[in-house]
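Chain by chain, the residues:
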Protein chains: 4
Amino acid sequence: MIIVMGAGATEQEVENVIDKVHSFGLRTHPIYGVQKTVIGIVGDDKTRVVENMQGMPGIEDIIPILQPYKFAGREAHPDNTVIEVGGVEIGSKAIAVIAGPCAVESEEQLLAIARGVRDSGAQILRGGAFKPRTSPYSFQGLGEDGLKFLAEAREETGLPVITEVTDPRNVEMVCQYADIVQVGARNMQNFALLTEVGKSGHPVMLKRGPSSTVKDLLLAAEYVIIEGNRDIILCERGISTFETYTRNTLDLSAVPVIKHLSHLPVIVDPAHATGRNHLVEPMALAAIAAGADGIMVEVHNNPDAALCDGPQSLTLSQFDSMMEKLRSIARIVDRSL
Amino acid sequence: MIIVMGAGATEQEVENVIDKVHSFGLRTHPIYGVQKTVIGIVGDDKTRVVENMQGMPGIEDIIPILQPYKFAGREAHPDNTVIEVGGVEIGSKAIAVIAGPCAVESEEQLLAIARGVRDSGAQILRGGAFKPRTSPYSFQGLGEDGLKFLAEAREETGLPVITEVTDPRNVEMVCQYADIVQVGARNMQNFALLTEVGKSGHPVMLKRGPSSTVKDLLLAAEYVIIEGNRDIILCERGISTFETYTRNTLDLSAVPVIKHLSHLPVIVDPAHATGRNHLVEPMALAAIAAGADGIMVEVHNNPDAALCDGPQSLTLSQFDSMMEKLRSIARIVDRSL
Amino acid sequence: MIIVMGAGATEQEVENVIDKVHSFGLRTHPIYGVQKTVIGIVGDDKTRVVENMQGMPGIEDIIPILQPYKFAGREAHPDNTVIEVGGVEIGSKAIAVIAGPCAVESEEQLLAIARGVRDSGAQILRGGAFKPRTSPYSFQGLGEDGLKFLAEAREETGLPVITEVTDPRNVEMVCQYADIVQVGARNMQNFALLTEVGKSGHPVMLKRGPSSTVKDLLLAAEYVIIEGNRDIILCERGISTFETYTRNTLDLSAVPVIKHLSHLPVIVDPAHATGRNHLVEPMALAAIAAGADGIMVEVHNNPDAALCDGPQSLTLSQFDSMMEKLRSIARIVDRSL
Amino acid sequence: MIIVMGAGATEQEVENVIDKVHSFGLRTHPIYGVQKTVIGIVGDDKTRVVENMQGMPGIEDIIPILQPYKFAGREAHPDNTVIEVGGVEIGSKAIAVIAGPCAVESEEQLLAIARGVRDSGAQILRGGAFKPRTSPYSFQGLGEDGLKFLAEAREETGLPVITEVTDPRNVEMVCQYADIVQVGARNMQNFALLTEVGKSGHPVMLKRGPSSTVKDLLLAAEYVIIEGNRDIILCERGISTFETYTRNTLDLSAVPVIKHLSHLPVIVDPAHATGRNHLVEPMALAAIAAGADGIMVEVHNNPDAALCDGPQSLTLSQFDSMMEKLRSIARIVDRSL
């Protein structure tokens, strides 16, 4: 940690700051420059205490040096984390493809889509039973009935299933049905939910919030890890920007950035980020080319009639055609699919 | 609702779209322009169904016309909503000032600050007992003990209290102690929490999420209202932008925008938005000048030693001096304080 | 164009708006909904006039329907534009790779890099002679001397050259040396420069401004086209967002979006967007996977000593290795390199 | 300047970095922490050179300590700069109000508005003769004829005039007519224009670019100052964000931030930022409350017929009413108007 004193800071102010740091049991290394004094601080983790010194007279800025995420960071855990769910690996050399409807609408719909995506090579089935929607007037999901249909679809197709949990009171129930629980973008900093999911020990997919930096995402993962659950898949799904043609702006650079900073697997959701059917395939291919460990897409057997996110869903035949190309791209970047 | 057909859409495609809209029991008004056909749609609320037509061949865009928030909007409720809490009005001609520590740290700290801000003219006491923090290694609050200290401080000072609730399982407990429950920016789209707070019937302050538009904020309020709870105070506290000097960018234009679109009171939190002590007063004055119904600020009797958000807290004497100026500004914009 | 009247608009206000539109010689199609009246407007291009009606009593919103770019849009020109420069095609099936130093620093430096990138398969040489720099204290380029070195390097290697022009007074001079003139991101809305470049008739690369939407970019291209110059290459190079790990956020979705909306070729600059060496290769691969017509990267024979943008430059050997992978990706998406 | 070495950096890498820094004639102060080594660098201005070391093996980050703007910063010039134009002071205790039409449309229009705003108390007349417009199909201004009308209006009303210059070739001509030349937001980093305006020695108003940080704005001012021209007025006019209700997001916090970091006067343009008539007055009042040295607004005698930015223009009577309130607010914050 570095404390930068303002150009006009007095000797007394510098001394006061140094004394204050010493009072926390930390060592200081002041560097007296031509215009400014900078105080390096060495010692164990006192970040919080020192950050609160920001208001002290003479201090211009306080700059942390250590990464604030201990367990999610690659420094503490250099090797890639590989998560195994129902025989499928996420984070290994293999690319994981997660596909299914935005929302579970009925047993028939889910089964038809599940069989379709399995036949085209998807390894994991997605489907929302609890849908967080911006408007209370939009379809909110089938709830536990939807979970039951997902479990049936797993039985029938052999695909492990992922579904979203939105309420800490439902974590236990959702874990009974799902192989992976998803924490959605809107809940990325719902710390009560993160803690409950952490305690569950269940594999979790954590989606990046639309105004969250990569650092914020890794700190949210840290909330899950400190409860003892390291089976975390991160998911890039677009951030809020001024561009309005796409729903959000897919930040694909976040993929190599996360792989650089963290050992956790990262997958990309190109459909929610763009909100437009014709952008899903190119961005899915780009995601794998950029180094993602997998993708998650929405597939519907009848997108025109979908109760949720129809505009961005792929048809089964679009999905099949995309899988062909994904396989080729995977080979180029030395991955398998 | 308006459906815009692409320039290359065929007559058949236009006809298919019109047939589809009719199948939902809605009427159509096609307008055949020189380059494009536009289809106006009249009928009751079928937004969701029609939005899912976005994928149909020939459709370029679907543009909603009606505001998606029915009860939070001023169209349905032209008069300002005034909320009364412990004798204090929010949303009337009177300006409401909410002040107190970021986090409740101890009985002594809270009481000292509560007496101080009351003496300077604050009408409501704030203090966090459950603190949502980006990092799991930051101070997380005292929990129910903190709530008890708040209730004691109310007893002692006569000030009604506001505190944050972060977990739907705690809503009932927090309501037992607090006069207003706060839903924080990170939880603005935590729909389980919004629903629980809505059911409680308790006055609620809803903070704008850092990547939420004003429209998203009003839709979040709608989640509370449809549970039967109209006592909602909206709070602008900054949005995520590329500017890094301030923690967030305080969007003060949102104040007159919200007053224009909604009947709900709106207050401003200048401290969380800017993250810097020296910006709190000017932005608080600006907020009242822009038409806000109140402000919420952090005050500490010893900011250097605060366990949370010290850098942005005001001292008691800074708060007192700010109150003087706020009173003058309030008079200019025909408000009282 | 659609005029949306507010819910409280009176019959008289609706009539006034209709009369006003008629006064411009345009026809109206009012649609009287349950809550609001919407007025469709048909006629030729009176956008500007009608937009200025926004202030009229009763009007809530005015929504344009036609794309505002006539010549840059795909509607007017369905086939891809292919630009030929010194035997290299941009916008055809072939992928174009533009490489070279950020700034021309000396004859020796430029020649060494030019030979290196040519040997690895680059088809166009880049190098800045006039450098727009955020700080006036940063290296500003060699000016006309730099242009001369570029012309020599073309002579020597056979590679056509691209360089930036920052001042309308220099357009003629730069065109004497360069095969493609580049308008940088900071100058994307420097309309005097766009007009001069348009008049030159010279092939131009137009970089997207960091706060410009895709629509703004196409409108900037329109400024060049209306001067009679259709040889425009668009370039995505990152937009300003709240994420600070990367310099800007590379908006790769813009690639398929631009290909959808416009006939102009689009290339990607992964180095300026990310500002970090280790992100250049993954984002270059992703760009081609997403459908870009080419990429532009910075290569240096000694990045540690570069006078400009050293941190994001590739070494010659990194460039060579990236080219190998780009060739494979190009094949997968049915392109050649 | 601080160089942060990565956690895995070897002793040899640390040594190499130190040797490299020494080779530039700079002194180093390494601090060996538990996990990371940090190297403080002391010496004169070698920012550019050291920044280019970012690519060196083992380096994780390079953090500048000194402000990069030497002359625009308050450190070098603690007292407020006051600019005097035609008897009007900007940056002193007096608040400056600049008003007039977006574009000069005719002699009659300009004179009518000029007289109107003068009678209500405006001290400076604005009016665009060269209009930078996003679309080439929008009205581009009257050019030199517009400048002549401005000079006549000054003659007639006694108000000094400000108008925009968009092309370095026009700076000399515009300076012959205008008392203050304006560099617009789109040209904030048009360094050729900044240099020319700097050489002119004429008072200049520099508007913040929509994706520019405050630091970028101060660096743009630095381009003008190093040519010997210190008469610079900064102008906040909104930044690009995801919020779409307003055209841009007015960043009013930038006002106290700029006053803190720089000695230059800062004014606010609430109309361009919001793009909506009903937001102009509340944001103008808020600007003065936040500490701005003045405001600039668009006033039209017939907004419905304005050739440019009609929706956001005030009528003469709205302007008059706003001036009343501004005078009261000015008194509260100890300013005069």
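Residues numbered from 1 in each chain as written. Chains lettered and ligands numbered in written order. Predicted model: local features only at pLDDT ≥ 70, side-chain atom pairs only at ≥ 80, totals over all residues. Heavy atoms only, no water.

Q: When you look at the overall build of chain A in this model, what are you seeing that I'm missing?
A: When its secondary structure is counted, chain A shows eleven helices and 14 strands. Overall, the C-alpha framework of chain A stretches about 75 × 40 × 40 Å when taken along its three principal axes. Pairs at least 24 residues apart make up 69% of the contacts formed inside chain A by residues separated by at least 6 positions. Of the charged side chains in chain A, 30 are positive and 43 negative, and the gap between their average positions amounts to 1 Å. (Helix = DSSP H or I, 4+ residues; strand = E, 2+ residues; numbered from the N terminus. Contact = heavy atoms within 4.5 Å. Lys, Arg positive; Asp, Glu negative; His and termini not counted. Charge placed at Lys NZ, Arg CZ, Asp CG, Glu CD.)

Q: For this particular structure, what's the right way to read the pattern of salt bridges?
A: Two side chains of opposite charge can pair, provided their charged atoms sit close to one another. Tallied over the entire structure, the rule returns 64 salt bridges over all chains. Arg208 of chain A is the salt-bridge partner of Asp251 of chain A, the closest N and O atoms lying 2.9 Å from each other. Here the residue Asp251 of chain A occupies a position in the loop between strand E12 (232-236) and helix H8 (254-261), and Arg208 of chain A occupies one in the loop between strand E11 (204-207) and helix H7 (214-225), the gap between them amounting to 43 residues. For Arg208 of chain A, a relative accessible area of 1% translates into the label buried. Members of the salt-bridge network, linked through shared partners, are Arg208, Glu236 and Asp251 of chain A together with Glu243 of chain C. (Salt bridge = Lys/Arg side-chain N within 4 Å of Asp/Glu carboxyl O. Buried < 20%, exposed > 50% of the residue type's maximum accessible area, 1.4 Å probe, protein only.)

Q: Whenever I open this one, unusual backbone geometry confuses me. Can you help?
A: Note on backbone geometry: most residues besides glycine have negative phi, and most peptide bonds are trans. The phi angle at Asp334 of chain A is positive, at roughly 65 degrees, despite the residue not being glycine. Within the secondary structure layout, Asp334 of chain A lies in the segment after helix H11 (316-332).

Q: Explain the sheet that holds strand E9 (residues 161-164) of chain C here, please?
A: Backbone-to-backbone hydrogen bonds pair the strands of a sheet. The strands run either parallel or antiparallel. All names here are of chain C. Spatial ordering of the closed barrel is given by E7-E8-E9-E10-E11-E12-E13-E14, a layout of eight strands whose pairing is parallel. Taking each pair of neighbouring strands and ignoring which way they run, the sheet shows an average axis angle of 25 degrees. Sheet analysis places strand E7 (residues 96-100) next to strand E8 (residues 124-126), joined by two bridges and oriented parallel. Pairing of Ile98 across the sheet is with Ile124, part of E8. (Pairing = 2+ DSSP bridges. Axes fitted to C-alpha atoms, helices over the stretch in contact; angles between N-to-C directions.)

Q: What am I meant to see in the packing of helix H3 (residues 107-120) of chain D against helix H4 (residues 144-157) of chain D here?
A: Axis angle and axis distance: for two packed helices, these are the angle between their axes and the distance between the axes, and together they describe the pair. Residues and elements named next belong to chain D. Two elements in contact, H3 and H4, have axes separated by 10 Å at closest approach and are oriented at 40 degrees. Two packed elements cross with a definite hand, and for H3 against H4 that hand is right-handed. In this structure, H3 uses Glu107, Leu110, Leu111, Ala114, Arg115 and Arg118 to contact H4, whose residues at the interface are Phe149, Leu150, Glu152, Ala153, Glu156 and Thr157. Along the lines of polarity and charge, the residues of the contact of H3 with H4 split into six nonpolar, one polar and five charged. (Left-handed = near helix turned anticlockwise from the far one by under 90°. Nonpolar A, V, L, I, M, F, W, Y, C, P; charged D, E, K, R; others polar.)

Q: What is the right way to look at the interface of chain D and chain B in this model?
A: How large an interface is tends to be reported as the accessible area lost when its parts come together. On the chain B side, the residues contacting the 36 residues of chain D number 36 residues. The tally of links between chain D and chain B comes to two salt bridges. A salt bridge links Arg208 of chain D to Glu243 of chain B; the nearest nitrogen and oxygen atoms lie 2.9 Å apart. The interface formed by chain D and chain B includes four residue pairs in polar contact (both at pLDDT 80 or more). Of all the secondary-structure elements, those providing two or more residues to the side of chain D that touches chain B are helix H8 (254-261), helix H10 (277-289) and helix H11 (316-332) of chain D. If you tally residues by element for the side of chain D that touches chain B, the top one is H10 of chain D, at seven residues. (Polar contact = N/O pair within 3.5 Å; in protein donor to acceptor, adjacent residues only side chain to side chain.)

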